[in-house]
Amino acid sequence: MALQLSPHMTVMQNAVQKASRRLVRDFAEVEQLQVSVKGPGDFVSQADIRSEQTIRTELERARPGYAFMLEEGGMVGSPNWSWRWIVDPLDGTTNYLHGVPHWCISVALERRTDTGSEIVAGCVYNPVNDEMFWAEKGAGAFLNERRLRVSGRKDMKDALLATGIPFASVSAPRRLAFARTLGTLMPVVAGIRRFGAAALDLAWVAAGRYDGYWELGPKPWDVAAGALIVREAGGYATDTMGGELVMDPAGIDIVAANSHLHPKLLEVVAEGVAASRAA
């Protein structure tokens, strides 16, 4: 029996699937895309912009009063929003533009509360493999119709981790913090991967493909949906102090893993950050 999606999740999945159809067609002709440079190592394509337009149109049609935080379009809607969509229309753009089939669309739904806000729904869709990772707060995490659970590994020596390697525009302190953390982890884990799509990294932690993930400075649209999916799969996704993630457009420091490895990974990342500040 097919899972019964909530109205919000139905809207989200329909929007990303509609946007994905054009992305897949363009991916087949990636060399024909016109590309403009946003900054060092950060590219935007016509495909990226079209995907965002499609998602925004679909979400606005279904929920006309909701605000947006868009990777390309910025903040849209009332600053006094009660509900807000957080949209990455193409996570892994550099992979996409190089013909690497590891990219996705990420959409999260944020609800304002009396004390701040919370992510209540998220989906991360990889059209190449037709993998829809999704979750709603309190209802579990899923890959298509299969329930997800984070890995059960307990020892760092057995852990396969994912990360994002800083590029040219990342601040010097964050580059140093990453280098310190990487230097500590490399000798004590089974492996470290950098596949180039933060939302999928988090989704893969939720699916048990990775045992943990950390990155300094990704944007809310990179991690909002994936962090919820990790938590609903039984894992932890926090800032480098172990606190709640705040959807700050300036960037987020994030550590995600299962309950056994999260404290260990968090300690190493926090030490790397502290060492970079003291340098």
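Note that the structure is a prediction, hence the values are computed from the model and not measured.

S.K.: Hey, could you run me through the pattern of salt bridges in this one?
M.R.: Once their charged atoms are close, side chains differing in charge can pair, the charge on each being opposite to the other. This model, assessed by the stated rule, comprises 12 salt bridges. The salt bridge partner of Glu-58 is Lys-18, with a shortest N-O separation of 2.9 Å. Of this pair, Glu-58 sits in helix α2 (residues 46-62) while Lys-18 sits in helix α1 (residues 7-27), and the two are 40 residues apart along the sequence. Of the residues examined, Glu-58 reaches a relative accessible area of 17% and is grouped as buried. Among the salt bridges present, the one from Arg-209 reaches Glu-131, with a minimum N-O distance of 2.8 Å. You can see Arg-209 sitting in the loop between α5 (198-206) and β13 (212-216) and its partner Glu-131 sitting in strand β8 (residues 131-136), a full 78 residues away along the chain.

S.K.: What's the story with α5 in this structure? I'm lost.
M.R.: The periodicity of an α-helix, 3.6 residues per turn, causes residues three or four positions apart to be oriented the same way. By the criterion of burial, α5 is predominantly enclosed, with 9 of the 9 residues buried. Just downstream of α5 lies Gly-208, where phi reads positive at about 80°.

S.K.: Explanation requested: α1 in the structure shown.
M.R.: Spanning 21 residues, α1 covers 30 Å between terminal C-alpha atoms, matching the ideal 30 Å at 1.5 Å per step. For α1, the full list of buried residues reads His-8, Met-9, Val-11, Met-12, Gln-13, Ala-15, Val-16, Ala-19, Ser-20, Leu-23, Asp-26 and Phe-27. If you follow the buried residues of α1, they end up packed against α2, β5 (83-91), α3 (93-97), β6 (104-112), β7 (117-126) and β8.

S.K.: Which parts of the structure should I look at to understand the nonpolar core?
M.R.: It is characteristic of soluble globular proteins that their nonpolar side chains tend to be buried jointly. Formed by 40 residues in total, the largest nonpolar core has its most connected members in Ile-86, Val-124, Phe-133, Leu-148, Tyr-213, Ile-229 and Ile-254. Sorting the residues of this core by element identifies β6, β7, β8, β9 (141-143), α5, α6 (220-232) and β15 (253-257) as the ones contributing at least two each. Membership of the second largest hydrophobic core comes to 33 residues, among which are Val-16, Ile-55, Leu-90 and Ala-121.

S.K.: How do you make sense of unusual backbone geometry when you look at a structure like this?
M.R.: For residues other than glycine, phi is negative in most cases, and the peptide bonds are mostly trans. Notably, Asp-130 is not glycine yet its phi reads approximately 50°, a positive angle. On the secondary structure map, Asp-130 appears in the loop between β7 and β8. Asp-130 gets classed as partly exposed once you look at its relative accessible area, which sits at 46%. The residue Asn-144 is not glycine, and still its phi comes out positive at about 55°. Tracing the backbone through its elements, the reader meets Asn-144 in the loop between β9 and β10 (146-147).

S.K.: Whenever I open this one, the sheet that holds β10 confuses me. Can you help?
M.R.: Either a parallel or an antiparallel arrangement is found when strands of a sheet pair, and the pairing is made through backbone hydrogen bonds. The strand order across the open sheet built from 8 strands is β4-β3-β5-β6-β7-β8-β9-β10, with neighbouring strands paired in mixed fashion. With partners counted over all chains shown, the strands left at the sheet margins are β4 (74-76) and β10, one partner each. Pairing between β5 and β6: 7 bridges, direction antiparallel. Within β6, the position partnered with Trp-85 by the bridge is Leu-109. Against the sheet, α1 makes contact with β5, β6, β7 and β8, and its axis sits at roughly 35° relative to β7, the strand it touches most.

What counts, and at which threshold
Residues numbered from 1 in each chain as written. Predicted model: local features only at pLDDT ≥ 70, side-chain atom pairs only at ≥ 80, totals over all residues. Heavy atoms only, no water. Salt bridge = Lys/Arg side-chain N within 4 Å of Asp/Glu carboxyl O. Helix = DSSP H or I, 4+ residues; strand = E, 2+ residues; numbered from the N terminus. Buried < 20%, exposed > 50% of the residue type's maximum accessible area, 1.4 Å probe, protein only. Expected span 1.5 Å × (residues − 1). Contact = heavy atoms within 4.5 Å. Core = buried A, V, L, I, M, F, W, Y, C linked by side-chain atoms within 4.5 Å. Pairing = 2+ DSSP bridges. Axes fitted to C-alpha atoms, helices over the stretch in contact; angles between N-to-C directions.

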